[in-house]
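Commentary on secondary and tertiary structure
Here's the letter readout for the chains.
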Amino acid sequence: MTRQTVTEAKARLSQLLHRVEQGGERVIIERRGQPVAALVPLADLPLAERLAEDWLGALLELGAAGAELGEQLAAAQATRT
């Protein structure tokens, strides 16, 4: 996986797109050393979208489970006092 600054990516966009399209390369674009975007082959997009949906679903489930556990702990502490 290649990393490019925004400035470099702007200057070389055509080349980067060619490498992504023809070679299946993935490119991370960074601003001030932080990743802000990625160029990926179009064939990878459905997988990326499915993974994002799966992660979101898992996070929502964890949040609900955490809230339920918090309520149970609060109820247990209330019965102790």
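Residues numbered from 1 in each chain as written. Predicted model: local features only at pLDDT ≥ 70, side-chain atom pairs only at ≥ 80, totals over all residues. Heavy atoms only, no water.

1. Looking at the overall build of the protein
Each helix and strand in the protein was counted, giving three helices and three strands. For the protein, the α and β elements follow one another from N to C terminus as β-α-α-β-β-α. In terms of overall dimensions, the protein is more spread out than a globule: its C-alpha atoms have a radius of gyration of 22 Å, far above the 12 Å expected for 81 residues. Taken along the three principal axes of its C-alpha coordinates, the protein extends 70 × 30 × 15 Å. Burial status across the protein gives 14% buried among its 81 residues. For the protein, contacts bridging at least 24 residues in sequence account for 33% of all contacts bridging at least 6. Summed over its atoms, the accessible surface of the protein is roughly 6,600 Å², and 59% of this surface lies on carbon and sulfur atoms. In the protein, which carries 9 positive and 11 negative side-chain charges, the distance between the mean positions of the two groups comes to 11 Å. (Helix = DSSP H or I, 4+ residues; strand = E, 2+ residues; numbered from the N terminus. Rg over C-alpha atoms; globule rule 2.2 N^0.38 Å. Buried < 20%, exposed > 50% of the residue type's maximum accessible area, 1.4 Å probe, protein only. Contact = heavy atoms within 4.5 Å. Areas by Shrake-Rupley, 256 points an atom, 1.4 Å probe, with all protein chains shown as cover. Lys, Arg positive; Asp, Glu negative; His and termini not counted. Charge placed at Lys NZ, Arg CZ, Asp CG, Glu CD.)

2. Focus on the side chain of Gln 4
Examined against the element boundaries, Gln 4 turns out to sit in strand S1 (residues 2-5). By relative accessible area, Gln 4 is classed as buried at 7%. At 3.3 Å, the side chain of Gln 4 and the side chain of Arg 12 are in polar contact. Leaving out residues up to four positions away in the same chain, Gln 4 has contacts with Ala 9, Arg 12, Leu 16, Val 27, Ile 28, Ile 29 and Glu 30. (Polar contact = N/O pair within 3.5 Å; in protein donor to acceptor, adjacent residues only side chain to side chain.)

3. So, the sheet that holds strand S2 (residues 27-31)
Judged by pairing direction, the sheet is mixed, and its three strands sit side by side in the order S1-S2-S3 without closing on themselves. Of all strands in the sheet, those bounded by a partner on one side alone are S1 and strand S3 (34-39). Within the sheet, the average angular offset between the axes of one strand and its neighbour, ignoring direction, is 35°. Running at roughly 60° to S3, helix H2 (residues 13-23) makes contact with S1, S2 and S3 of the sheet. (Pairing = 2+ DSSP bridges. Axes fitted to C-alpha atoms, helices over the stretch in contact; angles between N-to-C directions.)

4. Some details on the environment of Thr 79
Within the secondary structure layout, Thr 79 lies in helix H3 (residues 45-80). Put simply, Thr 79 and Glu 25 are 54 residues apart on the chain and 59 Å apart in space, counted from C-alpha to C-alpha.

5. Observations regarding the nonpolar core
Counting residues in hydrophobic clusters, the biggest one holds six residues: Ala 9, Leu 16, Val 20, Val 27, Ile 29 and Leu 39. Of all the secondary structure elements, the ones that give two or more residues to this core are H2 and S2. When residues no more than four places from it in sequence are discounted, the contact partners of Ile 29 are Gln 4, Thr 5, Val 6, Ala 9, Gln 34, Pro 35, Val 36, Ala 37 and Leu 39. (Core = buried A, V, L, I, M, F, W, Y, C linked by side-chain atoms within 4.5 Å.)

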